[in-house]
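Here is how the chains run, residue by residue.
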Amino acid sequence: MIEIGPAFFSTRHSNGLVEGINNAIKTLKRVGYGFRNFEQFRERILVNFLQPL
């Protein structure tokens, strides 16, 4: 049985990175309300999160 509670203390894992990415995508969605189609919105998200090599 999995105990419901603060999992960070037992596993030392956090979903902070995912929450930050989700927040940034929602911000892009608000700012980019005028995107012509989903493909442009998708490309904007990918450009913002690609790591330089």
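Residues numbered from 1 in each chain as written. Predicted model: local features only at pLDDT ≥ 70, side-chain atom pairs only at ≥ 80, totals over all residues. Heavy atoms only, no water.

Some words on the pattern of salt bridges
Okay, so step 1: Considering all chains together, one arrives at one salt bridge under this definition.
Okay, so step 2: For the salt bridge of Glu39 with Arg42, the shortest nitrogen-to-oxygen distance reads 3.6 Å. With a gap of three residues between them, Glu39 and Arg42 both fall in helix H3 (residues 38-49), about one helical turn apart.
Okay, so step 3: When its relative accessible area of 38% is taken as the criterion, Glu39 is described as partly exposed.
Okay, so step 4: Judged by relative accessible area, which is 39%, Arg42 ranks as partly exposed. (Salt bridge = Lys/Arg side-chain N within 4 Å of Asp/Glu carboxyl O. Helix = DSSP H or I, 4+ residues; strand = E, 2+ residues; numbered from the N terminus. Buried < 20%, exposed > 50% of the residue type's maximum accessible area, 1.4 Å probe, protein only.)

A few points about the environment of Lys29
Okay, so step 1: By the secondary structure assignment, Lys29 is in helix H2 (residues 16-31).
Okay, so step 2: Counting along the chain gives 16 residues from Lys29 to Ile45, while the straight-line C-alpha distance between them is 9.2 Å.

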